[in-house]
Amino acid sequence: MTTTAYKEPVRQAPSPVAARAPRRPGRLRRLSLPYLLLLPALLLELLVHLVPMVIGVVMSFKELTQFYIRDWGTAPWSGLGNYQVSVDFDAPVGEALLHSFLVTVGFTLLSVGLCWLIGTAAAVFMQDTFRGRGLLRALFLVPYALPVYTAVITWVFMFQHDNGLVNHVLHDQLHLTDKPSFWLIGDNSFYALLTVSVWKGWPFAFLIVTAGLQNIPKELYEAAALDGAGTWQRIRRITLPSLRPVNQVLVLVLFLWTFNDFNTPYVLFGKSAPEAADLVSVHIYQSSFVTWNFGTGSAMSVLLLLFLLVVTGGYLLLTSRGRRAADV
């Protein structure tokens, strides 16, 4: 009896073409869907921000005055003439721009510092649980939630010389001044603008710092309390170091918003701001839409943009080095 050995059939290796799974049309559609959803926002950003920015840069190289408004493309080229006029600090135009720049720097530093200080103090205070905390948080956010025009126009009435609430409290009730003060003209206009800016801006700092405090473990405070650390020591050793990344972004955002703020001084003082409160944003507006010299105003705007880019880049560079040094 003979037996036949069973031979296993030889299987051929699948070809690369056969091994590759066919690409489904639905997969390509799913991959391209996020980009298609972002496309309207990108186009809107291009139309609203980038296109006017390019047009403004082109306008800064032209002698664009009221004589060429109907067809600004025919305005003659001035090269760097508008920039030379803007940075010539011995001439009236450059001297006024330098004064406005210095006022804006001082105003921005004070406003950002006070907004951060008040917002951080309020956030740390509201970290503890007590009755009425939710209502108090909602009241803190009212200045930030109000429209700019509504908030600032209310302060305009409060700063009135004869029947304003500020003079009524300071002069009639507290007797801190010899006579009612003018808050919307003269040197006091700077303090009026600073007050409105801080009142309107500190709730944003309070909101951001409050969100940052939620990420700090409570066990750190409990361990520090067991070690005998006081309130100020816990804030200094735990709260502020833990909030460093949040504060870095917060200070930068407040700086950019405050330095570029146009709505607050415009609503508070009108088209012509007092010399003590002549911010760069209002000064550029006056140079463009009051004197009808759009070429010079555009050059000032480009210079302001370059300054903010340099400051932002330097700030990000310093903060990134600080983070790397802290990690090491």
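Scroll up for the structure.
Residues numbered from 1 in each chain as written. Predicted model: local features only at pLDDT ≥ 70, side-chain atom pairs only at ≥ 80, totals over all residues. Heavy atoms only, no water.

1. Re the packing of helix 9 (residues 188–213) against helix 12 (residues 244–259)
Logical step 1: At a minimum axis separation of 10 Å, helix 9 and helix 12 run at an interaxial angle of 160°. On the basis of the axis angle, helix 9 is roughly antiparallel to helix 12. Classified by chirality, the crossing of helix 12 by helix 9 is right-handed. Here Ser197, Gly201, Phe204, Ala205, Ile208, Val209 and Gly212 of helix 9 come into contact with helix 12, specifically with Val246, Asn247, Leu250, Val253, Leu254, Trp257 and Thr258. (Axes fitted to C-alpha atoms, helices over the stretch in contact; angles between N-to-C directions. Helix = DSSP H or I, 4+ residues; strand = E, 2+ residues; numbered from the N terminus. Parallel < 35°, antiparallel > 145°, perpendicular 65-115°, else oblique. Left-handed = near helix turned anticlockwise from the far one by under 90°. Contact = heavy atoms within 4.5 Å.)

2. A short note on the packing of aromatic side chains
Logical step 1: If you walk through the whole model with that rule in mind, you get 22 aromatic pairs.
Logical step 2: When the centroid spacing of 6.4 Å and the interplanar angle of 80° are considered together, the rings of Phe107 and Phe190 count as edge-to-face. Of the two residues, Phe107 is situated in helix 4 (residues 92–125) and Phe190 in helix 9; the sequence distance between them amounts to 83 residues. No difference in accessibility class separates Phe107 from Phe190, as the two residues are buried.
Logical step 3: Ring geometry for Phe289 against Phe294: centres 5.2 Å apart, planes inclined by 90°, an arrangement best described as edge-to-face.
Logical step 4: Three or more aromatic residues joined by ring pairs make a cluster, and in this case those are Phe262, Tyr266, Tyr285, Phe289, Trp292 and Phe294.
Logical step 5: The aromatic ring of Trp77 is capped on one face by Lys62, whose charged end is 4.4 Å from the ring centroid. (Phe/Tyr/Trp six-rings, centres within 6.5 Å; stacked < 30°, edge-to-face > 60°. Buried < 20%, exposed > 50% of the residue type's maximum accessible area, 1.4 Å probe, protein only. Lys NZ or Arg CZ within 6 Å of the ring centre and 35° of its normal.)

3. Overview of helix 7 (residues 148–158)
Logical step 1: Along helix 7, the residues that are buried comprise Ala151, Val152, Trp155 and Val156. Along the axis of helix 7, the buried positions cluster into a sector of 145°, meaning they face one direction only. The exposed set on the far side of helix 7, more than 90 degrees from its buried face, consists of Tyr149 and Phe157. (Arc of directions from axis to C-beta.)

4. Side note on the side chain of His171
Logical step 1: Secondary-structure assignment places His171 in helix 8 (residues 165–173).
Logical step 2: On the basis of relative accessibility, which here comes to 17%, the residue His171 falls in the buried class.
Logical step 3: There is a polar contact of 3.0 Å between the side chain of His171 and the backbone oxygen of Thr177.
Logical step 4: Beyond its immediate sequence surroundings of up to four residues, His171 is in contact with Thr177, Asp178, Lys179 and Pro180. (Polar contact = N/O pair within 3.5 Å; in protein donor to acceptor, adjacent residues only side chain to side chain.)

5. Here we look at the layout of surface pockets
Logical step 1: One number sums up the size of the largest pocket: a volume of about 780 Å³.
Logical step 2: Sorting the residues of the lining of the largest pocket by element identifies helix 2 (25–59), helix 14 (280–290) and helix 15 (294–327) as the ones contributing at least two each.
Logical step 3: Top element by residues in the lining of the largest pocket is helix 2. It accounts for 10 residues.
Logical step 4: Residue composition of the lining of the largest pocket, by class: 16 nonpolar, 8 polar and 1 charged.
Logical step 5: Size it by volume and the second largest pocket reaches roughly 520 Å³.
Logical step 6: The wall of the second largest pocket is formed by 16 residues, among which Val124, Gln127, Asp128, Lys218 and Tyr221 lie closest to the centre.
Logical step 7: Contributing elements (two or more residues each) for the lining of the second largest pocket: helix 5 (133–140), helix 10 (218–226) and helix 11 (231–242). (1 Å grid on protein atoms, 1.4 Å probe; cavity = no way out; pocket = protein on both sides within 12 Å on 5 of 7 lines; lining within 4 Å. Points joined across faces, edges and corners; volume = space filled by probe spheres on them. Nonpolar A, V, L, I, M, F, W, Y, C, P; charged D, E, K, R; others polar.)

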